[in-house]
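Chain by chain, the residues run as shown.
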Amino acid sequence: MRNRLLVIAAIVLIGFWFGARANRTVVKQSKGETVRKMWNDPHARKSRKKLRKKLEKATKKRR
């Protein structure tokens, strides 16, 4: 009796999990779109600008 209850509970939980995931929409993007979004991200743009300044400063020190 107890084992049967555990099996039924496990099946219900698995069914609930699959049902909860079934309604999620999946938006597929091409790799180009993903890269473009990453490149245009303001935080990434700011970090590239900071890195550029750091490299320019390091090259001026070496000369």
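Scroll up for the structure.
Every value quoted in this text rests on a predicted model; they were computed, and no experiment measured them.

Chemist: Mind showing me how you'd approach the environment of Met-1 here?
Modeler: Of note, Met-1 is situated in the segment before α1 (2–22). Separated by 18 residues in the primary sequence, Met-1 and Gly-19 have C-alpha atoms spaced 27 Å apart.

Chemist: What am I meant to see in a nonpolar patch on the surface here?
Modeler: Taken together, Ile-14, Trp-17 and Phe-18 make up a surface patch of nonpolar side chains, about 360 Å² in accessible area. In this fold, Phe-18 is placed in helix α1. For Phe-18, a relative accessible area of 54% corresponds to the exposed category.

Rules and cut-offs
- Residues numbered from 1 in each chain as written.
- Predicted model: local features only at pLDDT ≥ 70, side-chain atom pairs only at ≥ 80, totals over all residues.
- Heavy atoms only, no water.
- Helix = DSSP H or I, 4+ residues; strand = E, 2+ residues; numbered from the N terminus.
- Patch = residues over 30% accessible without salt bridge, like charges linked within 9 Å, V, L, I, M, F, W, Y side chains within 5 Å.
- Areas by Shrake-Rupley, 256 points an atom, 1.4 Å probe, with all protein chains shown as cover.
- Salt bridge = Lys/Arg side-chain N within 4 Å of Asp/Glu carboxyl O.
- Buried < 20%, exposed > 50% of the residue type's maximum accessible area, 1.4 Å probe, protein only.

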